[in-house]
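The residues making up each chain are set out below.
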Amino acid sequence: AVDALDGDLTPVPDQLAFLSGAYTVTWSATDAAGNVGTDTQEVVVTPQLSIKPRARTAEGADYVVTVILNGPAPAYPVVVPVTLGGTAEAETDYTVTTDAIVIESGRKGMMTITVLADDVEEGEETIEITLGAPEENAVLGETIISIINVIESDVPPALKLSVSQDSQNGRK
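Residues numbered from 1 in each chain as written. Predicted model: local features only at pLDDT ≥ 70, side-chain atom pairs only at ≥ 80, totals over all residues. Heavy atoms only, no water.

Novice: Tell me what's going on with the packing of aromatic side chains, and back it up with residues and numbers.
Specialist: Under the definition given, this model contains one aromatic pair. Centre to centre, the rings of Phe18 and Tyr23 are 5.2 Å apart; their planes meet at 55°, and the pair counts as tilted. (Phe/Tyr/Trp six-rings, centres within 6.5 Å; stacked < 30°, edge-to-face > 60°.)

Right, here's the structure in full:
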């Protein structure tokens, strides 16, 4: 900002840090006489998408693929194209009903992969899920590929332990 008497003025925003989402920032500048000028600016911070890097499931089960935004989108929906690959074969080893995950609101979107059961001992197979770049409202984060290991029988439960004392978590 420039004032005819005072010269250059330093505008100050009403907000400095932003999470993802859409914001209206009000800038103000004050001259030596105390006169204040303001203007607004629209700021859009785009969230990043990520996916769990590894998982496993068994033949005959449904696996739910979840993508997560690291914050709210500036607008919805967020449509995330998905490419499937790996050693398991589509329509023979698994089926899906869509080629995109849609986040209608919030921070999560899901897609179900139906893993087909057969009587053939194939050993462990994989389904590789790769997120494509959304056209708008989000960008790809660091983890965009997930490898799902498909085993022949039910997946045993996993055990996770945590230690806490007086609301403080222990080391992992």
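Novice: Break down the sheet that holds strand E3 (residues 12-13) for me, with residues and values.
Specialist: Overall, antiparallel pairing links the three strands, which are arranged E3-E4-E5 in an open sheet. Either end of the sheet is taken by a strand with one partner, and the two such strands are E3 and strand E5 (36-45). As judged from the two bridges shared by E3 and strand E4 (residues 21-30), these two strands associate in the antiparallel manner. Its bridge partner lying in E4, Val12 is registered against Ser28. (Pairing = 2+ DSSP bridges. Helix = DSSP H or I, 4+ residues; strand = E, 2+ residues; numbered from the N terminus.)

Novice: Could you give an account of the nonpolar core, naming the residues involved and the relevant values?
Specialist: Core analysis: the biggest nonpolar cluster contains 24 residues, and Val65, Ile113, Ile127 and Ile129 have the highest contact counts within it. Secondary-structure elements contributing two or more residues to this core are strand E6 (48-51), strand E8 (62-69), strand E9 (78-85), strand E11 (100-103), strand E12 (108-115), strand E13 (125-131) and strand E15 (145-151). Ranked by residue count, the leading element in this core is E8, at four residues. Here Ile113 is in contact with Ala61, Asp62, Tyr63, Val65, Leu84, Tyr94, Thr95, Val96, Ile127 and Ile129, once residues within four sequence places are set aside. (Core = buried A, V, L, I, M, F, W, Y, C linked by side-chain atoms within 4.5 Å. Buried < 20%, exposed > 50% of the residue type's maximum accessible area, 1.4 Å probe, protein only. Contact = heavy atoms within 4.5 Å.)

Novice: How would you summarise the sheet that holds strand E10 (residues 94-96) if you had to cite specific residues and measurements?
Specialist: Strand order in the open sheet formed by five strands is E10-E12-E8-E6-E14, with mixed pairing between adjacent strands. If you trace the sheet from one side to the other, it starts and ends with E10 and strand E14 (139-140), each paired once. Bridge count between E6 and E8: three bridges; the pairing is antiparallel. Bridge pairing in E8 places Ile51 opposite Val67.

Novice: How would you sum up unusual backbone geometry? Please name residues and give values.
Specialist: Note that the residue after Tyr76, namely Pro77, is joined by a cis bond; omega there is 5°. For Glu91, which is not a glycine, the phi torsion comes out positive at approximately 75°. Under the relative-accessibility criterion, Glu91 is labelled exposed at 58%. With a phi close to 75°, Asn137 is a non-glycine residue in the positive phi region. Assignment of secondary structure puts Asn137 in the loop between E13 and E14. Residue classification places Asn137 among the buried positions, given a relative accessible area of 16%.

Novice: Summarise the pairing of E8; cite the residues concerned and give the values.
Specialist: Here E8 shows one buried face, formed by Tyr63, Val65, Val67 and Leu69, and one open face, formed by Asp62, Val64, Thr66 and Ile68. For E8 and E12, the ladder comprises seven bridges, and the chain directions are antiparallel. Paired with Asp62 across the bridge in E12 is Thr114.

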